[in-house]
Amino acid sequence: MIPLSLDGAAHLLVLTGAGISAESGVPTFRDAGGLWEGHAVEQVASPDGFAIDPSLVWRFYSQRRAGLTGVTPNLAHHALVEAEARLGERFLLVTQNVDGLHPLAGSRRMLEMHGNIMRTRCSACDRAPFEDRTAYGDGVVPLCDRCSAPLRPDIVWFGEMIARATLAAIDAFVRAAGSHLVFLAVGTSGVVYPAAGLVDVARAAGGRSFLVNAEPPANAARFDHIVIGPAGRALPALLGA
Ligand code: OAD
């Protein structure tokens, strides 16, 4: 096993993607060829797709909400909770996942950069996002009870901006870490930016970079160390959890 020493001043920045939840039974986005019932993922996860067919988009997310019932975190999620307990302020988890399994496992120093599937917000007014576990029936598009516009999942879709506060928090962590930064990506295909570019940010800061994935992702060549294997086994081993 390659060394991932977290002694001294090491700061661990972790980026996770759908692959970390695969062993909990949550389907990843691209393992089925990037398609859902014949629709490209981008079609059901973009403002344009929502404008064209909001009912299709709600069917996609309602199915994913229903699929999360009873799903629990796995050994990889728990290994990150343990790393956070060890490192305290020298730990930051950034997840692209919207399934809520990291907070369920107990992660607290964590940013959900693509939102959370169990929250809904208005597509038009500034009503605050709210928790919503409803799996809407076929063809149903829920409406805002304040302005009557269609409600939408509180997810950062393709073509939308990551929250400025999230990017600022990552930036602050990278600056504080300097060359003590250890970047670790887990279960992500490395094709969606800005997440896929975090490895370059870590390299520019002079840090070391590690990757745990079931197969080499698109940006594999930019990592210093790669572990190919299932996250539930490989991650606890790598972190010494
Ligand atoms: P993907 O579905 O693109 O990639 C998942 C990666 O996890 C693949 O490279 C798999 O090989 C790997 N994988 C599968 N099972 C694994 C396991 N047990 N252990 C380790 N790795 C495993 O998911 P993301 O990279 O998360 O965006 O996708 C990025 C974004 O694109 C998502 O956040 C989502 C999506 O469309 C939005 O919803 C906005």
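Keep in mind the model is a prediction, meaning the values are calculated, not measured.

*Asks:* What is the right way to look at the environment of Asn219 in this model?
*Replies:* As for its placement among the helices and strands, Asn219 is situated in the loop between β10 (208-213) and β11 (225-228). When the C-alpha atoms of Asn219 and Thr188 are compared, they prove to be 9.8 Å apart, with 31 residues separating the residues in sequence. Setting aside chain neighbours within four positions, we find Asn219 in contact with Gly190, Ala196 and Val199. Within the structure, the side chain of Asn219 is placed 3.1 Å from the backbone oxygen of Ala196, a separation counted as a polar contact.

*Asks:* What's the story with the domain arrangement of the protein chain in this structure? I'm lost.
*Replies:* One frequently used descriptor of interface size is the decrease in accessible area upon assembly of the parts. For the protein chain, the domain assignment lists domain 1 (11-26 + 72-114 + 161-239) and domain 2 (41-67 + 118-155). Its C-alpha centre places domain 1 at a distance of 27 Å from the equivalent point of domain 2.

*Asks:* How do you make sense of the sheet that holds strand β9 (residues 181-186) when you look at a structure like this?
*Replies:* Within a beta sheet, neighbouring strands are joined by backbone hydrogen bonds and run either parallel or antiparallel to one another. A sheet is described by the order of its strands in space; here six strands give the open sequence β5-β4-β1-β9-β10-β11, paired in parallel fashion. Taken across any chain shown, the strands that pair with only one partner, and hence form the sheet edges, are β5 (110-112) and β11. Neighbour-to-neighbour, the strand axes of the sheet open up by a mean angle of 15°, direction not taken into account. In this sheet, β9 lies alongside strand β1 (residues 11-16) in parallel orientation, the contact comprising six bridges. In the strand pairing of β9, Val14 is matched with Leu184. This element, helix α4 (residues 75-87), spans β1 and β4 (91-95) of the sheet and lies at about 150° to β4.

*Asks:* Which parts of the structure should I look at to understand the layout of surface pockets?
*Replies:* The gaps of empty space that remain are located by a probe, the size of a water molecule, rolled over the atoms. Here the largest pocket defines a volume of roughly 770 Å³. Each residue belonging to the lining of the largest pocket can be placed in one class, and the counts come to 22 nonpolar, 13 polar and five charged. Residue contributions to the lining of the largest pocket reach at least three from each of two domains, namely domain 1 (11-26 + 72-114 + 161-239) and domain 2 (41-67 + 118-155). Computed from the structure, the second largest pocket encloses a volume of approximately 340 Å³. Listing elements by their share of the lining of the second largest pocket, those giving two or more residues are β2 (35-36) and α3 (54-67). In terms of residue count, the dominant contributor to the lining of the second largest pocket is α3 (four residues). Tallied by class, residues from the lining of the second largest pocket come to 12 nonpolar, six polar and two charged. For the lining of the second largest pocket, the two domains that each supply at least three residues are domain 1 (11-26 + 72-114 + 161-239) and domain 2 (41-67 + 118-155).

*Asks:* What exactly am I supposed to notice about the packing of α4 against helix α8 (residues 231-239) here?
*Replies:* To describe two helices that pack against each other, one gives the angle between their axes and the distance between the axes. Here α4 crosses α8 at 20°, and the two axes come no closer than 7 Å. Between α4 and α8, the angle is such that the two are roughly parallel. At the point where α4 passes α8, the crossing takes the left-handed sense. Note on element contacts: α8 touches α4 through Ala231, Gly232, Leu235, Pro236 and Leu239, opposite Leu75, Ala76, Ala79, Leu80, Ala83 and Arg86. Grouping the amino acids of the contact of α4 with α8 by side-chain chemistry returns nine nonpolar, one polar and one charged.

*Asks:* What is the right way to read the site of the ligand from this model?
*Replies:* Neighbouring residues of the ligand: 24 residues in total, closest Ala18, Phe29, Arg30, Thr188 and Ser189. Contacts to the ligand include Phe29, whose backbone N or O atom sits 2.7 Å from an oxygen atom. Ala231 is positioned with one of its backbone polar atoms (N or O) 2.9 Å from a nitrogen atom of the ligand. Considered on its own, the ligand offers 800 Å² of accessible surface; in the complex 95% of this is hidden by protein. In a pocket analysis with a 2 Å cut-off to the grid points, the ligand is assigned to the largest pocket. Of the residues contributing to the shell around the ligand, the split by class is 10 nonpolar, 10 polar and four charged.

Rules used in this analysis
Residues numbered from 1 in each chain as written. Predicted model: local features only at pLDDT ≥ 70, side-chain atom pairs only at ≥ 80, totals over all residues. Heavy atoms only, no water. Helix = DSSP H or I, 4+ residues; strand = E, 2+ residues; numbered from the N terminus. Contact = heavy atoms within 4.5 Å. Polar contact = N/O pair within 3.5 Å; in protein donor to acceptor, adjacent residues only side chain to side chain. Domains from an automatic or database assignment. Pairing = 2+ DSSP bridges. Axes fitted to C-alpha atoms, helices over the stretch in contact; angles between N-to-C directions. 1 Å grid on protein atoms, 1.4 Å probe; cavity = no way out; pocket = protein on both sides within 12 Å on 5 of 7 lines; lining within 4 Å. Points joined across faces, edges and corners; volume = space filled by probe spheres on them. Nonpolar A, V, L, I, M, F, W, Y, C, P; charged D, E, K, R; others polar. Parallel < 35°, antiparallel > 145°, perpendicular 65-115°, else oblique. Left-handed = near helix turned anticlockwise from the far one by under 90°. Near = heavy atom within 4 Å. Areas by Shrake-Rupley, 256 points an atom, 1.4 Å probe, with all protein chains shown as cover. Sits in = over half its atoms within 2 Å of the grid points.

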